[in-house]
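Listed here are the chains, written in short residue letters.
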Amino acid sequence: MLAYIIRRLGYAIPILLGVNLLTFALFFVVNTPDQMARVQLGDKHVSEDAIEQWKAQRGYDKPLMFNTEAGGLGLVTDTIFYEKSLSLFAFDFGKSDEGRNIGSDIQQRMWPSLMVALPTFIIGIAVNIAFSLFVVMFRASVFDTTAMVLCVVLMSISGVFYVIGGQFFFAKLWHLVPISGYLTGPDAIRFLILPVIIGVISGIGGGTRLYRTLFLEESGKDYVRTARAKGVPELTVLFRHILPNGLIPILTSVVVVIPSLFMGSLLVESFFGIPGLGSYTLDAIQAQDFAIVRSMVFLGSVLYILGLLLTDISYTLVDPRVRLS
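Residues numbered from 1 in each chain as written. Predicted model: local features only at pLDDT ≥ 70, side-chain atom pairs only at ≥ 80, totals over all residues. Heavy atoms only, no water.

Colleague: Where do I start with the nonpolar core in this structure?
Modeller: Phe28, Tyr60, Ile129 and Phe215 are the most contacted members of the largest nonpolar core, which totals 51 residues. Sequence-distant contacts of Phe215, defined by excluding residues within four places in its chain, comprise Ile129, Ser132, Leu133, Val136, Ile242, Leu243 and Ile250. Judged by nonpolar contacts, the second largest core, of 15 residues, contains Leu154, Val163, Ile204 and Val268. (Core = buried A, V, L, I, M, F, W, Y, C linked by side-chain atoms within 4.5 Å. Buried < 20%, exposed > 50% of the residue type's maximum accessible area, 1.4 Å probe, protein only. Contact = heavy atoms within 4.5 Å.)

Have a look at this one:
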């Protein structure tokens, strides 16, 4: 397994390099360093001297990828791409265009993101699996049909509707929770209740349909029919036969999501004023702060690759027939 993990981590290097290069190219196709300077300086009529000074202070006064005026390795190393992007492989996120330490910001903002995402993730999985097993128990019935129609309706509703509706009824109309904001410590709980509830409800439709399909596939296999023919109670069949054998495809959709918990949710954090990594990324995009954008894209790629690796490893834990080679 160790050799497999090392080989997979080796494959990650060209992937991360490609993601880094693509992010760099896309960002600077849309925004030139001059445009970034004008946005940061906040004045459309700013002088050229001020623009050049801003670029020089932040290292944007060099060529993007190739410096034809430099000799030797300077052709590649004396460029914006080399100085701004390749340092990420050492997890040196540097400073934002406003001068803030990105690494420190990430360490501070990851906790609010986790406080929202982790309960939503755990409760959501438990609710989706329980509801899907309940639906499978009454498969091919009116309840099954009604539940699937409800799931499709829940999937068809925009996430913005859940957020606005939740804020209107639970916060503004009934005054049960704050409408937005965030506090540290135990006081954070009352600000997290509504985002977690909305996150769980918005994911019930897709999660239940996925798990129901997986469990129905297992319920039609020979070992399940044999258990039922022997008179095994349906609850025992569901929880001792169908559920354990349906864990591998479930892990595929679950473990991959775990690294994204650190990245937060753009929608939820922005609407509820939670200072997490999701709102951090959105603010950076709006401010055209390339330093933060490239750091967050790189971090997201690393976490996603680790999630895929964790998925493969978790297969061996739930199914002894799986071997990594």
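Colleague: For this particular structure, what's the right way to read the side chain of Glu218?
Modeller: With respect to the helices and strands, the residue Glu218 is situated in helix α9 (residues 189-219). Judged by its relative accessible area of 9%, Glu218 is buried. Residues within four places of Glu218 in sequence aside, it is in contact with Tyr223, Val224, Ile242, Asn245 and Gly246. (Helix = DSSP H or I, 4+ residues; strand = E, 2+ residues; numbered from the N terminus.)

Colleague: How should I be thinking about the pattern of salt bridges in this particular structure?
Modeller: A side chain with one charge can pair with a side chain of the opposite charge if their charged atoms come near. Under the criterion given, the structure shown has twelve salt bridges. Arg100 serves as the salt-bridge partner of Asp105, at 2.7 Å between the closest nitrogen and oxygen. For Asp105, a relative accessible area of 4% gives the class buried. The exposure class assigned to Arg100 is partly exposed, which follows from its relative accessible area of 45%. Here Asp144 ties to Arg212 by a salt bridge, and the two come within 3.0 Å at their closest N and O atoms. Taken as a pair, Asp144 in helix α7 (residues 142-156) and Arg212 in helix α9 lie far apart in primary sequence, 68 residues in all. Taken as a pair, Asp144 and Arg212 share a single burial class, namely buried. Shared partners join several salt bridges into a network, and the residues in it are Asp34, Glu52 and Lys55. (Salt bridge = Lys/Arg side-chain N within 4 Å of Asp/Glu carboxyl O.)

Colleague: Would you mind going over the packing of helix α10 (residues 222-229) against helix α11 (residues 234-245) with me for this structure?
Modeller: Packed helices, taken two at a time, are described by the angle their axes make and the gap between the axes. For the pair α10 and α11, the least separation of the axes is 10 Å and the interaxial angle reads 165 degrees. When the axis of α10 is compared with that of α11, the two are roughly antiparallel. Crossing hand, α10 versus α11: right-handed. Contact residues: α10 offers Tyr223, Val224, Ala227 and Arg228, while α11 offers Glu234, Val237, His241, Ile242 and Asn245. (Axes fitted to C-alpha atoms, helices over the stretch in contact; angles between N-to-C directions. Parallel < 35°, antiparallel > 145°, perpendicular 65-115°, else oblique. Left-handed = near helix turned anticlockwise from the far one by under 90°.)

Colleague: Help me out: how do you make sense of the packing of aromatic side chains in this one?
Modeller: Two measures describe an aromatic ring pair: the distance that separates the ring centres and the angle between the ring planes. Counted according to the given criterion, the structure contains 18 aromatic pairs. Summarising the aromatic geometry, the rings of Phe91 and Phe298 are spaced 6.0 Å apart at their centres and angled 65 degrees between planes, so their arrangement reads as edge-to-face. You can see Phe91 sitting in the loop between α5 (80-84) and α6 (102-137) and its partner Phe298 sitting in helix α15 (residues 290-318), a full 207 residues away along the chain. A relative accessible area of 3% places Phe298 in the buried class. Ring geometry for Phe161 versus Tyr162: centroids 6.5 Å apart, planes at 70 degrees, classification edge-to-face. Take Phe161: its relative accessible area is 55%, and that puts it in the exposed class. Judged by its relative accessible area of 12%, Tyr162 falls in the buried class. Of the aromatic side chains, those joined through ring pairs into one cluster are Phe24, Phe27, Phe28, Trp54, Tyr60, Phe81 and Phe290. (Phe/Tyr/Trp six-rings, centres within 6.5 Å; stacked < 30°, edge-to-face > 60°.)

Colleague: What's the story with unusual backbone geometry in this structure? I'm lost.
Modeller: Negative phi is the rule for most residues except glycine; trans is the rule for most peptide bonds. At Ala140, a residue that is not glycine, the phi angle is positive and equals roughly 60 degrees. Tracing the backbone through its elements, the reader meets Ala140 in the loop between α6 and α7. For Gln288, which is not glycine, the phi torsion reads 55 degrees and is therefore positive. Inspection of the secondary structure assignment puts Gln288 in the loop between α14 (277-286) and α15.

Colleague: What am I meant to see in the layout of surface pockets here?
Modeller: Where empty space is left in the structure can be found by rolling a water-sized probe over the atoms. Its boundaries defined by the atoms lining it, the largest pocket holds a volume of some 680 Å³. In terms of lining, the largest pocket is formed by 32 residues, of which the most central are Thr120, Phe121, Gly199, Gly203 and Val257. Of all elements in the fold, only α6, α8 (159-173), α9, α12 (247-255) and α13 (266-272) reach the threshold of two or more residues within the lining of the largest pocket. With eleven residues, α9 is the largest single contributor of residues to the lining of the largest pocket. (1 Å grid on protein atoms, 1.4 Å probe; cavity = no way out; pocket = protein on both sides within 12 Å on 5 of 7 lines; lining within 4 Å. Points joined across faces, edges and corners; volume = space filled by probe spheres on them.)

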